[in-house]
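# Working through the structure, step by step
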Amino acid sequence: MALGDLVTRIIQKQESLKSFRTPWENLWQDCGEYVNPNRGDFSTSRYRGSAHRYEKIYDTTAPLANENLASGLHSYLTSPAQRWFVLKTFDDKLNQELPVKEWLDTTTNILYDRVFNIPETNFNSQAHELYLDLGSFGTGVLMVQDRAGGPVSFRTYHLSDCFIQENDAGFVDTLYRKYKRTGRQLIERFGKTVPENVVKISAKDPYREFEVIHAVEPSETYGEPIKKPANKSFVSCYVLVEEKALLEEGGFDEFPYMVPRWQKVAGEIYGRSPSMTSLPDIKMVNQMMKTIIKAAQKITDPPLLVPDDGFILPVRTVPGGLNFYRSGTTDRIEALETKARPDIGLEMVQNRREHIMAAFHVDWMQLPDNKGKSPNMTATEVMARQEEKMRLMGPMIGRLQVEFLGPLIDRVFKIMTRRRLIPEPPALLQGMDMKIEYVSPIARAQKTNQMFTITRLFESMSPLLQIKPELLDNMNVDETFRYFHHLLDAPPQILNEKEEVEQVRQERQEQQQAMAEAEQAQQESQAAKNVAEAGKANSEAGQIG
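The structure displayed is predicted, hence computed values, not measured ones.

Let's shift gears to the overall build of the protein chain. Summing up its helical and strand segments, the protein chain has 15 helices and 12 strands in all. Looking at the 545 residues of the protein chain, the share that counts as buried comes to 40%. Looking at the protein chain as shown, the accessible area adds up to about 31,600 Å², and 53% of this sits on carbon and sulfur atoms.

Below, the discussion takes up the packing of helix α2 (residues 61–77) against helix α5 (residues 123–137). Between α2 and α5, the least distance of the axes is 8 Å, while the angle of their chain directions is 130°. In this view, α2 runs oblique relative to α5, as classed from their interaxial angle. In this structure, α2 crosses over α5, and the sense of that crossing is right-handed. Contacts between α2 and α5 involve N66, E67, L69, A70, S71, L73, H74 and L77 from the first element and N124, H128, Y131, L132, G135 and S136 from the second. Class assignment for the residues of the contact of α2 with α5 results in 6 nonpolar, 7 polar and 1 charged.

Let us now look at the packing of aromatic side chains. Tallied over the full model, the rule gives 19 aromatic pairs. Plain terms: the ring middles of F234 and F255 are 5.3 Å apart, the flat faces sit at 45° to each other, and that makes the pair tilted. With F234 in strand β7 (residues 234–240) and F255 in the loop between β8 (245–252) and β9 (257–258), this residue pair connects regions lying 21 residues apart in the sequence. Classification of F234 by relative accessible area gives buried; the value is 13%. Residue F255 is classed as buried on the basis of its relative accessible area, which comes to 11%.

With that out of the way, let us pick up a negative patch on the surface. Among the surface-exposed residues, D91, D92, E97, E499, E500 and E502 lie close enough to one another that they form a single negatively charged patch. Ranked by residues supplied to the negative patch, first place goes to helix α15 (residues 498–544) with 3 residues. Position of D92 relative to the elements: it lies in helix α3 (residues 92–95).

Moving on: the environment of P99. Looking at the secondary structure, you find P99 in helix α4 (residues 98–116). Distance from P99 to A427, taken between C-alpha atoms, is 9.1 Å for residues 328 residues apart in sequence.

Moving on, we get to the pairing of strand β4 (residues 162–166). Summarising burial for β4: 4 of the 5 residues are buried, a large majority. In terms of strand pairing, β4 meets strand β5 (residues 172–182) through 5 bridges, oriented antiparallel. Across the sheet, residue I164 finds its bridge partner in β5, namely L175. Counting the residues that bridge the hairpin from β4 to β5 gives 5 residues, and of these G170 lies at a positive phi of roughly 90°.

Sheet architecture is open: 5 strands sit in the order β4-β5-β6-β7-β8, paired in antiparallel fashion. Looking at the sheet topology across the chains shown, the edges are occupied by β4 and β8. For this sheet the average axis-to-axis angle between neighbouring strands, irrespective of direction, equals 15°. With 7 bridges joining them, β7 and β8 adopt antiparallel strand pairing. Bridge assignment links L240 to a residue of β8, and that residue is A245.

With that settled, consider unusual backbone geometry. Backbone geometry places K244, a non-glycine residue, at a positive phi of 50°. Among the secondary structure elements, K244 is positioned in the loop between β7 and β8. The phi dihedral of H361 falls on the positive side, at around 60°, and the residue is not glycine. Relative to the helices and strands, H361 is located in the loop between α10 (342–359) and α11 (379–391).

A few words now on the sheet that holds strand β3 (residues 153–157). Ordered by their spatial adjacency, 3 strands build an open sheet running β3-β2-β9, and the pairing between neighbours is antiparallel. The open sheet has two edge strands with one neighbour each: β3 and β9. Bridge analysis of strand β2 (residues 141–145) against β9 gives 2 bridges, and the strand direction is antiparallel. Across the sheet, L142 pairs through a bridge with M258, a residue of β9.

The rules behind each value
- Residues numbered from 1 in each chain as written.
- Predicted model: local features only at pLDDT ≥ 70, side-chain atom pairs only at ≥ 80, totals over all residues.
- Heavy atoms only, no water.
- Helix = DSSP H or I, 4+ residues; strand = E, 2+ residues; numbered from the N terminus.
- Buried < 20%, exposed > 50% of the residue type's maximum accessible area, 1.4 Å probe, protein only.
- Areas by Shrake-Rupley, 256 points an atom, 1.4 Å probe, with all protein chains shown as cover.
- Axes fitted to C-alpha atoms, helices over the stretch in contact; angles between N-to-C directions.
- Parallel < 35°, antiparallel > 145°, perpendicular 65-115°, else oblique.
- Left-handed = near helix turned anticlockwise from the far one by under 90°.
- Contact = heavy atoms within 4.5 Å.
- Nonpolar A, V, L, I, M, F, W, Y, C, P; charged D, E, K, R; others polar.
- Phe/Tyr/Trp six-rings, centres within 6.5 Å; stacked < 30°, edge-to-face > 60°.
- Patch = residues over 30% accessible without salt bridge, like charges linked within 9 Å, V, L, I, M, F, W, Y side chains within 5 Å.
- Salt bridge = Lys/Arg side-chain N within 4 Å of Asp/Glu carboxyl O.
- Lys, Arg positive; Asp, Glu negative; His and termini not counted.
- Charge placed at Lys NZ, Arg CZ, Asp CG, Glu CD.
- Pairing = 2+ DSSP bridges.

What follows is the structure, given as structure tokens:
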């Protein structure tokens, strides 16, 4: 494929993807203006830093609910304060082998300590931005960047810049991103491939911006590039639109963009969001608050009734203002009573607010409120209710694990492996596939039903165990304890190996046996001493007699 044909094809495909996305833009614009105004540039474009982004918001319930949802997802799904995933194999017995267990723990620690939990990668801030986009637009875009000489880094891109397409399995594998960069930035990033005309313009106006398209798609759908990247699953091209120039051509071993959708309707590519679900309520609340504010203003600063004769205009309503009227007249300036009832409107607004908060699942992040209807709950009851609410998030969390967390961890692991920062796996793992086990608070909540089932068994059997304790012989207590440890995702360091447990028990048994033998020997010695003393006493008594 000739160079001009390649660039033309990429520009044409971006336009095609844009036309396919156009029906969504008005909906995204509404969600942005009412829920996430800082990122609301789709069908309209505003100046950076424009104060007009907030002109439609009279009630901040929806933006705050979206913030709460994003913060909750960050805390409960990818918390920087605790582990939210571990690496395992599909063979549970193999996971218990000491070399395998040590390698899995070491590898997991490397991913946390050198990628996810260090400021240089920018993961936490970019993940939070992604969650904000998911709550407002239903689709988020995060790129895992692997640049030579620097750490793995993360960047969340504005959905307005991105155009996506799915493969036959329903996963996003094509993304075209159209964005603007100054001539200086282009020269810093692409060097000598920047056209001479852009270099000249940049010398005169270094802050003039140019449009760039970054196209990433599977190699087999790419056609015949000028220089196809060897053994790369995805090809990457940077195209300067104005000059129709190819800035860079390369490839990726994995799809570098994570494109999770909050919910997805069959036949649609872009996701649906809580903002879309509650958009009628959000618009209604803002319109109601606008009306209530007007009604309150009329009460606190009412319109005035002024006689058409006798007063010298203008009427001064400022504090301490003087109004002159003709001497001898009985006319007065009076307030017009509107009999407005803002309190009634506030009750209706509160009802709509609760619906909005429920649509954003804010209640699952808050402690239950009994509102005086029942006695104070115990810590166990509070935890149980919180976990029950988290389980209701199962469908959305499952989609995030498949479309965001899974591909994210997989790409980071492979990048670190190519950089030779992951130690060589033990021989037992040669040819074995690994799996990601999620251990975040939400993931743990999904597994608590199994724990509650066992707990209910204990509670039901308690009366019988008091009558017949030998019923416990039917239960493998050791395996029950380890199963609870697994369900609760307790730290592996606190659990002894089975061999260590057997050794401790054997030593305890030997100590108990030694103590019993010593006690028995002492008792026998004491008995012998008592017999000897009794015999001596009898002998002495016989001599006296």
